[in-house]
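Remarks on the overall topology
Each chain, written out:
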Amino acid sequence: MHDKPDEPVGRLIEEFLTARATRKPSPHTLAAYRRDLTTMAGLVAVDDGTTPLPLDRLPVSALSPRVMRAAFARFAAPRAAASVHRAWSTWNSFFTFLVAEGVVPGNPMPAVGRPRTPLPQPKPLRGEDTPEELLAAVAREDGRQRDPWPERDLAVLALALCAGLRLSELLALRVASVAGRAGERRVDVAGKGGRPRTVPIEAGVDRVLVDYLDSRRRRFGSRSVRPDSPLLVDRRGEPLRRGGLQYLVESCYRRAGIGDRVPRGARLHALRHTFATRLAEDGASAAEIMRLLGHASLASSQTYIEVTAGQQRAAVASNRTNRALAGLVGQREAR
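Residues numbered from 1 in each chain as written. Predicted model: local features only at pLDDT ≥ 70, side-chain atom pairs only at ≥ 80, totals over all residues. Heavy atoms only, no water.

Now for the pattern of salt bridges. Taken as a whole and assessed by the stated rule, the structure comprises 17 salt bridges. The residue Asp-206 makes a salt bridge to Arg-185 at a minimum N-O spacing of 3.2 Å. Of the two residues, Asp-206 sits in helix H8 (residues 203-220) while Arg-185 sits in the loop between strand S1 (178-179) and strand S2 (186-190), which places them 21 residues apart along the sequence. Residue classification places Arg-185 among the partly exposed residues on the basis of a relative accessible area of 21%. Linked through salt bridges whose partners overlap, the residues forming this network are Arg-152, Asp-153 and Arg-255. (Salt bridge = Lys/Arg side-chain N within 4 Å of Asp/Glu carboxyl O. Helix = DSSP H or I, 4+ residues; strand = E, 2+ residues; numbered from the N terminus. Buried < 20%, exposed > 50% of the residue type's maximum accessible area, 1.4 Å probe, protein only.)

Another aspect to go through is the packing of helix H10 (residues 269-281) against helix H11 (residues 286-293). Pairs of packed helices are described in terms of their axes, by the angle between the two and the distance that separates them. Where H10 contacts H11, the two axes come as close as 10 Å, and the packing angle between them is 155°. Taken together, the axis directions place H10 and H11 in an arrangement best described as roughly antiparallel. Seen from above, H10 lies across H11 with right-handed handedness. On the side of H10, the interface is formed by Arg-272, Phe-275, Ala-276, Leu-279 and Ala-280, while H11 contributes Ile-289, Leu-292 and Leu-293. Considered class by class, the residues forming the contact of H10 with H11 number seven nonpolar, no polar and one charged. (Axes fitted to C-alpha atoms, helices over the stretch in contact; angles between N-to-C directions. Parallel < 35°, antiparallel > 145°, perpendicular 65-115°, else oblique. Left-handed = near helix turned anticlockwise from the far one by under 90°. Contact = heavy atoms within 4.5 Å. Nonpolar A, V, L, I, M, F, W, Y, C, P; charged D, E, K, R; others polar.)

Another aspect to go through is helix H3 (residues 65-76). Between the first and last C-alpha of H3 there are 16 Å, a value that for 12 residues agrees with the 16 Å anticipated at 1.5 Å per step. Every buried residue of H3 is accounted for by Val-67, Met-68, Ala-71, Phe-72 and Phe-75. Each buried residue of H3 sits inside an arc of 125° when the element is viewed along its axis, so together they form one side. Those residues of H3 hidden inside the fold are in contact with helix H2 (27-41) and helix H4 (81-100). (Expected span 1.5 Å × (residues − 1). Arc of directions from axis to C-beta.)

Moving on, we come to the side chain of Asp-153. You can see Asp-153 is positioned in helix H6 (residues 150-163). Asp-153 gets classed as buried once you look at its relative accessible area, which sits at 0%. Apart from residues lying up to four places away in sequence, Asp-153 is in contact with Val-138, Gln-145, Arg-235, Leu-248, Cys-252 and Arg-255.

Another point: the sheet that holds S1. The strand order across the open sheet built from three strands is S1-S2-S3, with neighbouring strands paired in antiparallel fashion. The strands lining the two open edges of the sheet, one partner per strand, are S1 and strand S3 (196-200). One ladder, built from two bridges, connects S1 with S2; its direction is antiparallel. Within S2, the position partnered with Ala-179 by the bridge is Arg-186. (Pairing = 2+ DSSP bridges.)

The next point concerns the nonpolar core. Core analysis: the biggest nonpolar cluster contains 46 residues, and Leu-134, Leu-170, Val-187, Tyr-212, Leu-231, Tyr-253 and Leu-271 have the highest contact counts within it. Those elements that place two or more of their residues in this core are helix H5 (130-139), H6, helix H7 (167-172), S2, H8, helix H9 (242-256) and H10. Residue contributions to this core peak at nine residues, all from H6. Apart from residues lying up to four places away in sequence, Leu-134 is in contact with Leu-125, Leu-157, Leu-161, Cys-252, Tyr-253, Ala-256, Ile-258 and Leu-271. In terms of nonpolar packing, the next biggest core, distinct from the first, is built from 31 residues, Leu-12, Ala-41, Trp-88 and Val-103 among them. (Core = buried A, V, L, I, M, F, W, Y, C linked by side-chain atoms within 4.5 Å.)

Before going further, it helps to examine the pairing of S2. Of the two faces of S2, the one holding Val-187 and Val-189 is buried and the one holding Arg-186, Asp-188 and Ala-190 is not buried anywhere. Between S1 and the antiparallel strand that follows it, S2, lie six residues; Gly-180 among them carries a positive phi value of about 105°. Across five bridges, S2 lies against S3 in antiparallel orientation. By the bridge assignment, Asp-188 is partnered in S3 with Thr-198. Where S2 folds back on S3, the antiparallel hairpin that results is connected by five residues, among which Gly-193 adopts a positive phi of roughly 70°.

For the coordinates displayed, the defined rule picks out nine aromatic pairs. Here the aromatic cluster, defined as three or more aromatic residues joined through ring pairs, consists of Phe-16, Tyr-33, Trp-91, Phe-94, Phe-95 and Phe-97. The cationic tip of Arg-114 hangs over the ring face of Trp-88; the distance from NZ or CZ to the ring centre is 4.0 Å. (Phe/Tyr/Trp six-rings, centres within 6.5 Å; stacked < 30°, edge-to-face > 60°. Lys NZ or Arg CZ within 6 Å of the ring centre and 35° of its normal.)

Next up, the structure:
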């Protein structure tokens, strides 16, 4: 319980971020929390209704529903609905924390409107055989590369295309994350929002990972593949980082000559979307897709089902027999 209900918002934001850090969010998530909290709080005006107060002078008791509505109106004016929605969620979590700590008596955010944001649409690789072309091209050693490592590159693509892992999840994997007996192999994933999940892997992916780790032993020695070692490393044996992983996937696209089939703004994520879309095409339910991809809500997984249904309807509509039947019906109605 706090003794000073009029503590400055700036100090409470730091307390909230410290509490959140124990959940081990990514640095990008923490940075987004800080940005949403400080930017919006910098727009709060409580004295004359027009002049914002600095965070070290803004008392938390001043954040009434009326004040928060006015500040969010200023925040929302130049921003997209998705950004406003994310900031609203951050502030809702912040006030939930303050209520739990006894700093404020209630959460004003339910009285602050937030925009509806449509769920993002899946962006899989375009082309029926594109994933297979990509894998085949990367599996071949490319003489143009200064230090080719096809086993490692293929392992990255296999985990994204056949297990649906996010970029952050790939980077968090350890050698021991690949576990289980033969025929029951799995990847233990540290998912988004601290939600762990297990993704089964088939014999092909398992073989790719075994070949990769063998090649890594040859390059860097057996100590490089201890259970607690990062699963994915760069050509110097150092843990792969965000920029390095993104560059690796881009280079794979270039080597396969499929850059024009990768949706804009979904470079590595296109592989995850391809995994999910093919699950839906092969009859997986939204609940199964939700578990395998680690979605927080069923609605996110349902979008893959809906897109697949639309593609199936378009395929049926393009059937020549259907077009011929439509022509016959049109002729009869014209008589």
